[in-house]
Amino acid sequence: MKEQAAAVKVWNGAHWRGLLYRDQTPNWRHTLGTPQTQSGDVFHLPRAIREGVLRDQHRPGDWAAEEARNVWILARLVTVRAIPVPTMACGLQPLLHAALPSRSSFLLAPGTLPLVPRGPTVSRHLSPPQPRALPDTAAAAAGLRDVLADAFLAYPPTWTSAAATNLAIFVAGSPLLLSGLSASGIAAAYILGTLTWRAFGSRGYLLVAAYFVVGTAVTKLKIKQKEALGVAEKRGGRRGPGSVIGSSAAGCVCALLSIYNVGGGAFAELWRLGFVASFCTKLGDTASSEIGKAYGRTTYLVTTFKIVPRGTEGAVSVEGTLAGIVAAMFLAGVGYSMGQVNVPQVVLCVLASQIANFGESLIGATLQDKEGFEWMNNDVVNVLNISAGGILAVLMQWLLWRS
């Protein structure tokens with residue numbers, strides 16, 4: 001009761017002290033958290049109540065007494081409901097509720113405007129927010145793993161399973177892809193990979209993967225020496241979309257023919273043979289060219305056998321030719337181990353690849369970079385080369401069947 005009586009006494013002396021209103025004395029100012037207007041306007045105290053203190057800048061020396069007095073004044077304001085009551089200030093209200101009035105009222109001070117009366121306030125007892133459940137990463141990972149497993153094992157493959165599986169492989173093998181392909185080259189390779197998986201499944205996909213790994217490796221051999229001679233692939237050996245499309249055009253055609261079952265079951269084996277032979281042809285061409293640039297002691301122009309510098313279009317070397325044969329045999333062996341071709345077809349793939357590569361050297365020596373054939377760049381020659389390899393293998397197999 002003594003505390004309540006003291007609160008009433010403090011309240012009665014609050015007006016002349018200027019703690020609730022600013023009078024006309026310019027030196028008497030208070031930090032209330034709202035812009036101050038001309039003399040006589042009323043201060044509102046939302047920020048002061050939130051902070052639990054009304055600072056009197058005029059009397060900084062007696063801070064403890066001022067703080068205690070101001071807390072009781074704020075409790076009085078809460079009790080008479082002159083302003084909204086924050087949750088943190090509600091603890092002061094029961095202390096003075098019995099001795100102080102509970103109705104709305106006007107608070108007047110000399111030379112000031114009245115506060116607008118406010119109705120009863122509603123205490124806001126907000127429940128603490130419920131903790132947000134963390135996502136179950138283990139369950140999500142397990143679900144993703146199951147989806148990828150289903151896509152990988154789907155037989156026959158669908159477009160969805162092929163795209164999903166190819167995407168997962170590309171993400172996992174991105175460091176290797178970035179070392180051998182440009183960004184646009186990766187996009188083109190993704191289309192090739194999806195098409196290959198859809199047509200021939202994981203076995204045909206592994207054949208293309210083996211071609212890419214070996215082709216990238218031989219391209220990187222002595223790359224500094226090749227750059228110094230001006231015969232290296234652009235972008236540090238990273239191939240772009242033109243090279244990817246030129247290297248896979250014939251294989252993509254064979255894949256589409258297989259997907260849509262052109263010619264029926266009798267031709268399915270031919271399309272698979274043409275697919276393998278086209279990549280054997282391209283890997284043989286890449287290996288012979290890159291090994292010849294890096295290790296070829298003497299290079300000859302294929303039409304005249306005249307000695308020419310390394311990297312000359314249409315030039316061949318013993319080292320490069322042997323490397324091309326070994327590379328074609330290696331990839332044909334991968335196709336055999338994957339069940340894509342049989343032993344006689346392995347021989348057809350190697351033979352067709354070497355005939356096509358010899359034809360590619362002839363085109364390079366006689367037409368490429370010549371007047372009137374400026375359009376015939378490396379990518380165009382690659383398309384002609386691998387198409388010839390695939391077609392030759394299919395024709396030879398067809399003739400064997402007919403005989």
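One can find the structure itself at the top, above this paragraph.
Residues numbered from 1 in each chain as written. Predicted model: local features only at pLDDT ≥ 70, side-chain atom pairs only at ≥ 80, totals over all residues. Heavy atoms only, no water.

Novice: I'd love a proper account of the overall build of the protein chain, names of residues and values included.
Specialist: Helix and strand counts for the protein chain stand at 15 helices and five strands. The buried share among the 403 residues of the protein chain stands at 41%. Pairs at least 24 apart in sequence give 66% of the contacts found in the protein chain among residues at least 6 apart. On the protein chain, roughly 21900 Å² of surface is accessible, and the fraction owed to carbon and sulfur atoms is 65%. (Helix = DSSP H or I, 4+ residues; strand = E, 2+ residues; numbered from the N terminus. Buried < 20%, exposed > 50% of the residue type's maximum accessible area, 1.4 Å probe, protein only. Contact = heavy atoms within 4.5 Å. Areas by Shrake-Rupley, 256 points an atom, 1.4 Å probe, with all protein chains shown as cover.)

Novice: An account of unusual backbone geometry is requested, with residue identities and associated values reported.
Specialist: In this model, Lys222 sits at a positive phi of 45°, which is unusual for a non-glycine residue. Relative to the assigned elements, Lys222 resides in the loop between helix H9 (183-220) and helix H10 (223-229). The backbone of Asn261 sits at a positive phi, close to 50°, despite the residue not being glycine. Residue position: Asn261 is located in the loop between helix H11 (241-259) and helix H12 (265-295).

Novice: An account of the packing of helix H6 (residues 137-153) against helix H7 (residues 159-172) is requested, with residue identities and associated values reported.
Specialist: It is at 8 Å that the axes of H6 and H7 come closest, and there the two elements cross at 120°. Taken as a pair, H6 and H7 cross one another with a handedness that is left-handed. Residues Leu148, Ala151 and Phe152 of H6 form the contact with H7, whose participating residues are Ser161, Ala164, Thr165 and Ala168. When grouped by side-chain class, the residues that make up the contact of H6 with H7 number five nonpolar, two polar and no charged. (Axes fitted to C-alpha atoms, helices over the stretch in contact; angles between N-to-C directions. Left-handed = near helix turned anticlockwise from the far one by under 90°. Nonpolar A, V, L, I, M, F, W, Y, C, P; charged D, E, K, R; others polar.)

Novice: Please set out the state of the cysteines residue by residue, giving values where relevant.
Specialist: Evaluated as defined, the whole model comprises zero disulfides. Of the cysteine sulfurs around Cys254, a residue in no disulfide, the closest is that of Cys252, at 9.4 Å. Free cysteine: Cys349, not disulfide-bonded; nearest cysteine sulfur from Cys280 at 4.7 Å. By relative accessible area, Cys349 is classed as buried at 0%. (Disulfide = S-S within 2.5 Å.)

Novice: Please set out the side chain of Thr286 residue by residue, giving values where relevant.
Specialist: Position of Thr286 relative to the elements: it lies in helix H12. Among the residues examined, Thr286 registers a relative accessible area of 6% and is labelled buried.

Novice: Account for the pattern of salt bridges, naming residues and giving values.
Specialist: Across all of its chains, the model carries four salt bridges by this definition. For Lys226, the salt bridge is made with Glu290, and the minimal N-O distance between the two is 2.6 Å. On the criterion of sequence distance, the pair formed by Lys226 in helix H10 and Glu290 in helix H12 is long-range, its members being 64 residues apart. We classify Lys226 as buried; its relative accessible area is 0%. Residue Arg239 is joined to Glu290 by a salt bridge in which the shortest nitrogen-to-oxygen separation is 3.9 Å. Here Glu290 lies in helix H12 and Arg239 lies in the loop between H10 and H11, a separation of 51 residues in the sequence. Look at Arg239 and you get buried, because its relative accessible area is 16%. Shared partners join several salt bridges into a network, and the residues in it are Lys226, Arg239, Glu290 and Lys293. (Salt bridge = Lys/Arg side-chain N within 4 Å of Asp/Glu carboxyl O.)

Novice: So, the nonpolar core: which residues are in play, and what are the values?
Specialist: Grouped together as the largest cluster of nonpolar side chains are 32 residues, with contacts concentrated most on Phe275, Val276, Phe279, Leu331 and Cys349. Going through the elements one at a time, H9, H11, H12, helix H13 (318-337), helix H14 (343-366) and helix H15 (378-402) are the ones with two or more residues in this core. In contact with Cys349, other than residues within four places in its own chain, are Leu273, Val276, Ala277, Cys280 and Ala332. Of all hydrophobic cores here, the second largest spans eleven residues; its members include Ala162, Phe170, Phe212 and Val244. (Core = buried A, V, L, I, M, F, W, Y, C linked by side-chain atoms within 4.5 Å.)

Novice: Outline the sheet that holds strand S5 (residues 315-316), listing residues and values.
Specialist: Strands sit in the order S4-S3-S5 across an open sheet of three strands; the sheet is antiparallel. Each of the sheet's edge strands pairs with one partner strand only, and the pair in question is strand S4 (307-308) and S5. Pairing of strand S3 (residues 299-301) with S4 involves two bridges; the strand directions are antiparallel. For Thr299, the partnering residue across the bridge sits in S4 and is Val308. (Pairing = 2+ DSSP bridges.)

Novice: Pulling in residues and values, what's your account of the packing of H11 against H12?
Specialist: H12 packs onto H11 with a crossing angle of 170° between their chain directions and a minimal axis gap of 8 Å. By the criterion of interaxial angle, the relationship of H11 to H12 is roughly antiparallel. When H11 is examined against H12, the residues Ser247, Ser248, Ala250, Gly251, Cys254, Leu257 and Ser258 are found in contact with a partner set consisting of Trp271, Gly274, Phe275, Ser278, Phe279 and Lys282. (Parallel < 35°, antiparallel > 145°, perpendicular 65-115°, else oblique.)

Novice: Which residues make up a nonpolar patch on the surface, and what values go with them?
Specialist: A surface patch of nonpolar side chains, amounting to about 400 Å² of accessible area, comprises Trp159, Leu256, Tyr260 and Val262. Take Trp159: it is sitting in helix H7. (Patch = residues over 30% accessible without salt bridge, like charges linked within 9 Å, V, L, I, M, F, W, Y side chains within 5 Å.)

Novice: Just give me the short version of the layout of surface pockets, but keep the residues and values in it.
Specialist: Of the pockets and cavities examined, the largest pocket occupies roughly 1200 Å³. Taken together, 47 residues make up the lining of the largest pocket; nearest its centre are Ser289, Lys293, Glu313, Glu360 and Asn378. Going through the elements one at a time, H11, H12, S5, H13, H14 and H15 are the ones with two or more residues in the lining of the largest pocket. Split into classes, the residues belonging to the lining of the largest pocket amount to nine nonpolar, 25 polar and 13 charged. The volume enclosed by the second largest pocket comes to roughly 510 Å³. Considering the residues around the second largest pocket, the lining is formed by 29 residues, among which Leu177, Leu181, Ala189, Val208 and Phe212 are closest to the centre. For the lining of the second largest pocket, the secondary structure elements donating two or more residues are H7, helix H8 (174-180), H9, H11 and H12. Partitioning the lining of the second largest pocket into residue classes produces 16 nonpolar, twelve polar and one charged. (1 Å grid on protein atoms, 1.4 Å probe; cavity = no way out; pocket = protein on both sides within 12 Å on 5 of 7 lines; lining within 4 Å. Points joined across faces, edges and corners; volume = space filled by probe spheres on them.)

Interpretation in functional terms is not warranted from these geometric data alone.
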